[in-house]
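# Survey of secondary and tertiary structure
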Amino acid sequence: MLSITNLRKIYKGTDKGIKDLTLTIENGDICAFIGPNGAGKTTALKAIVGIHPYEQGTIALNDINLQTDPQKFKSMLGYSPDNPDIYENLRGYEYLNFIGSIYAVPNQKFQQEVDYLTEQLDLKKSLSQLISSYSHGMKQRLVLISIFLHNPELIILDEPFVGLDPNASYFLTNELQKRAQAGAKVIYSTHVLEVAEKICNRVVLIDNGKVKVNRLMQELVAKETLGEIFRRETAR
Ligand SMILES: Nc1ncnc2c1ncn2[C@@H]1O[C@H](COP(=O)(O)OP(=O)(O)OP(=O)(O)O)[C@@H](O)[C@H]1O
């Protein structure tokens with residue numbers, strides 16, 4: 001279980017960021033973070049993965065506290081940022097070897113996962129090229145492969161579908177569902193509400209740094225679409 005309690009992260013000298021976030025994600029949950037531009041989704045995700053220090057609150061994954069045991073917490077995590085800025089001077093396979101060794105993925109398992117994921121995401125033939133020669137979508141696919149390698153318990157993705165071609169998007173939606181069914185917890189931010197409505201069982205709507213809606217998807221969209229709810233909740 002991922003448990004976030006009264007998380008607060010405000011950028012220095014501003015009143016922007018996340019003001020109060022409390023959330024529980026159970027094993028098998030796929031949770032959508034939605035909200036207007038600038039609402040605080042990326043800030044919240046960066047705090048949850050330990051990139052942004054936060055001044056208040058608790059984040060714990062299976063009772064491992066991010067602040068007191070960051071190394072253990074991060075070993076259970078797979079994170080894809082909104083911008084796939086990765087080591088440009090490495091070749092694709094060098095990057096994957098690097099990530100595999102950081103997470104101490106056993107050799108056989110590493111090879112199996114790389115074979116499967118590069119095949120599915122059509123990156124096999126490009127692994128010997130420098131990452132600097134990759135397109136945006138290819139870098140994104142390489143990051144996705146790298147985060148799935150160690151079978152993370154918590155998968156955090158910041159706008160993962162932006163820039164992915166339809167084949168890669170199809171693979172990603174299936175892969176997230178498959179991994180959630182096997183017990184992983186997934187949170188991803190998105191503006192693509194139709195996909196979120198289809199694959200997520202929980203939705204958190206953030207507006208102006210605060211949680212406005214935190215509901216099970218099935219209950220929330222019983223009478224209205226997620227788009228209609230979004231427009232009503234965020235009307236100025
Ligand atoms: N490094 C920073 N320093 C100061 N303010 C920041 C910083 N990063 C983000 N902000 C501000 O914090 C607020 C939340 O930004 P954030 O990027 O978390 O929003 P978001 O919900 O991810 O938006 P989008 O949907 O546009 O990606 C915004 O007002 C933004 O301007």
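Residues numbered from 1 in each chain as written. Predicted model: local features only at pLDDT ≥ 70, side-chain atom pairs only at ≥ 80, totals over all residues. Heavy atoms only, no water.

Labelled according to an unreviewed UniProt entry, the chain appears under the name ABC transporter ATP-binding protein, originating from Tetragenococcus koreensis.

### A look at the pairing of strand β1 (residues 2-10)
Judged from the 6 bridges that link them, β1 and strand β2 (residues 17-25) form a sheet pairing that is antiparallel. Bridge pairing links Ile 10 to Gly 17 in β2. Linking β1 back to β2 in an antiparallel pair, the connection comprises 6 residues, with Gly 13 at a positive phi of about 75°. The pairing of β1 with strand β4 (residues 56-61) spans 5 bridges and is classified as antiparallel. By the bridge assignment, Ser 3 is partnered in β4 with Ala 60. (Pairing = 2+ DSSP bridges. Helix = DSSP H or I, 4+ residues; strand = E, 2+ residues; numbered from the N terminus.)

### Remarks on the site of the ligand
Lining the immediate surroundings of the ligand are 13 residues, of which Gly 38, Gly 40, Lys 41, Thr 42 and Thr 43 lie closest. With respect to the ligand, the side chain of Lys 41 contributes an N or O atom lying 2.8 Å from an oxygen atom. Side-chain polar atom of Thr 43 to an oxygen atom of the ligand: 2.5 Å apart, as the coordinates give it. By residue number, the principal contributor to the shell around the ligand is helix α1 (residues 41-48), which donates 3 residues. In terms of residue class, the shell around the ligand is built from 3 nonpolar, 7 polar and 3 charged. (Near = heavy atom within 4 Å. Polar contact = N/O pair within 3.5 Å; in protein donor to acceptor, adjacent residues only side chain to side chain. Nonpolar A, V, L, I, M, F, W, Y, C, P; charged D, E, K, R; others polar.)

### A look at the layout of surface pockets
Here the largest pocket defines a volume of roughly 500 Å³. For the largest pocket, the lining is made up of 20 residues, of which Tyr 79, Tyr 95, Ile 99, Tyr 103 and Ile 147 are closest to its centre. A total of 4 residues in the lining of the largest pocket trace back to one element, the largest contributor, which is helix α3 (residues 92-102). Shared between two domains, the lining of the largest pocket holds at least three residues of each, these being domain 1 (1-76 + 152-236) and domain 2 (84-151). Forming the walls of the second largest pocket are Tyr 11, Asp 15, Lys 16, Gly 17, Lys 19, Gly 38, Ala 39, Gly 40, Thr 43, Asn 208 and Gly 209. Looking at side-chain class alone, the lining of the second largest pocket contains 2 nonpolar, 6 polar and 3 charged residues. (1 Å grid on protein atoms, 1.4 Å probe; cavity = no way out; pocket = protein on both sides within 12 Å on 5 of 7 lines; lining within 4 Å. Points joined across faces, edges and corners; volume = space filled by probe spheres on them. Domains from an automatic or database assignment.)

### Concerning the packing of aromatic side chains
Within the structure shown, the criterion is met by 4 aromatic pairs. Pairing Tyr 87 with Phe 98 gives two aromatic rings, centres 5.6 Å apart and planes at 85°, and the pair type is edge-to-face. Of this pair, Tyr 87 sits in the loop between β6 (77-80) and α3 while Phe 98 is found in helix α3, placing the two residues 11 residues apart along the sequence. On the accessibility criterion, Tyr 87 (49% relative accessible area) is partly exposed. Judged by its relative accessible area of 32%, Phe 98 falls in the partly exposed class. Here the aromatic residues Tyr 87, Tyr 95 and Phe 98 are joined through ring pairs into a cluster of three or more. (Phe/Tyr/Trp six-rings, centres within 6.5 Å; stacked < 30°, edge-to-face > 60°. Buried < 20%, exposed > 50% of the residue type's maximum accessible area, 1.4 Å probe, protein only.)

### Things to note about the UniProt feature "domain: ABC transporter" (unreviewed entry) in the chain
Taking the numbering used here, the UniProt-annotated feature "domain: ABC transporter" (unreviewed entry) corresponds to residues 2-233. Secondary structure content for residues 2-233 is 38% helix and 25% strand, while the C-alpha to C-alpha distance between its ends is 26 Å. (UniProt positions renumbered as here; feature names shortened; annotations may be inferred.)

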